[in-house]
Amino acid sequence: MKPAPDLAARLTRLEDIEAIRALVARYALGADRNNDPAILGPLFAKRAEWVCEGFGHYRGRDEIAAELARIGREGIRWSLHYMVSPLVEPSADGRRARCHWYLWELARVGEEAEAHWIGGWYESRLKKGRKGWRFTHVRLHLKLLSPHADGWKTLPAAD
């Protein structure tokens, strides 16, 4: 027996929401690996945009991946991203979506790699293509970028 069209559409919607949440999680993974372009690049559509006041406005998958990697080398030397409460809103036709999530981040920033608290939220737009969901526009609204006087005591990575 074939599922009712509305049931199939609802299942597809839930799968799309979960795929977009996984995309947000992969974004955090790439960011926590010094903005690894091999992880971050494929998350973006070819003509995507990434915007954050104070960090830049980049256009195109290649430029976004390269510039975020530069920020990982020169600006944010270490980070631990918490992507909180992703709210995914697929379009009625299932081909586009919006996603909003909060950022809570521990980081080492600048030449001296000083400990910082970072907080804000992301607003993004996405599209679904042959290879799945990709970001077409990501805007990070930073509301907190504050030194942490006591610093971070990081532990060695587990094997």
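Calculation notes
- Residues numbered from 1 in each chain as written.
- Predicted model: local features only at pLDDT ≥ 70, side-chain atom pairs only at ≥ 80, totals over all residues.
- Heavy atoms only, no water.
- Phe/Tyr/Trp six-rings, centres within 6.5 Å; stacked < 30°, edge-to-face > 60°.
- Buried < 20%, exposed > 50% of the residue type's maximum accessible area, 1.4 Å probe, protein only.
- Helix = DSSP H or I, 4+ residues; strand = E, 2+ residues; numbered from the N terminus.
- Contact = heavy atoms within 4.5 Å.
- Core = buried A, V, L, I, M, F, W, Y, C linked by side-chain atoms within 4.5 Å.
- Pairing = 2+ DSSP bridges.
- Axes fitted to C-alpha atoms, helices over the stretch in contact; angles between N-to-C directions.

J.: In this structure, what is going on with the packing of aromatic side chains? I would like to understand it.
T.: The relation between two aromatic rings is expressed through the spacing of the ring centres and the mutual angle of the planes. On inspection of all chains with the given rule, the structure shows nine aromatic pairs. Between the aromatic rings of W50 and Y58, the centroid separation amounts to 5.9 Å while the plane-to-plane angle is 15°, which identifies the pairing as stacked. For W50, a relative accessible area of 4% puts it in the buried group. Of the residues examined, Y58 reaches a relative accessible area of 8% and is grouped as buried. One aromatic cluster in this structure is built from Y27, F44, W101, Y122 and F135.

J.: Help me understand the environment of W50 in this model?
T.: One can find W50 in strand β1 (residues 44-52). Ignoring sequence-local partners within four residues, the contact set of W50 consists of Y27, F44, F55, G56, H57, Y58, I64, L68 and V138.

J.: In this structure, what is going on with unusual backbone geometry? I would like to understand it.
T.: Most peptide bonds are trans, and most residues other than glycine sit at a negative phi. Even without being a glycine, N35 presents a positive backbone phi close to 55°. Looking at the element boundaries, N35 is found in the loop between α1 (5-31) and α2 (37-40). Taking the relative accessible area as the measure of exposure, N35 reaches 11% and is therefore buried.

J.: Even after reading the chapter, I still don't get the nonpolar core, so can you show me in this structure?
T.: Proteins that are soluble and globular tend to have nonpolar side chains buried together. By size, the foremost hydrophobic cluster in this structure holds 33 residues, and its most contacted members are Y27, F44, W50, M83, Y122, L126 and F135. Secondary-structure elements contributing two or more residues to this core are α1, β1, α3 (61-74), β3 (76-90), β4 (96-109), β5 (114-129) and β6 (132-147). With residues near it in sequence (within four places) discarded, Y27 still touches L40, L43, F44, W50, M83, Y122, F135 and V138.

J.: What exactly am I supposed to notice about the sheet that holds β6 here?
T.: In sheet architecture, strand pairing relies on hydrogen bonds along the backbone and comes in two forms, parallel and antiparallel. Pairing is mixed in the open sheet, where six strands are placed in the order β2-β1-β6-β5-β4-β3. With partners counted over all chains shown, the strands left at the sheet margins are β2 (56-59) and β3, one partner each. Looking at each pair of strands side by side, their axes are set apart by 15° on average, direction ignored. As defined by bridge partners, β1 adjoins β2 across four bridges and the pair is classed as antiparallel. Its bridge partner being in β2, C52 is matched across the sheet by G56. Sitting on the sheet, α3 touches β1, β2 and β3, and the angle it makes with β2 is about 145°.

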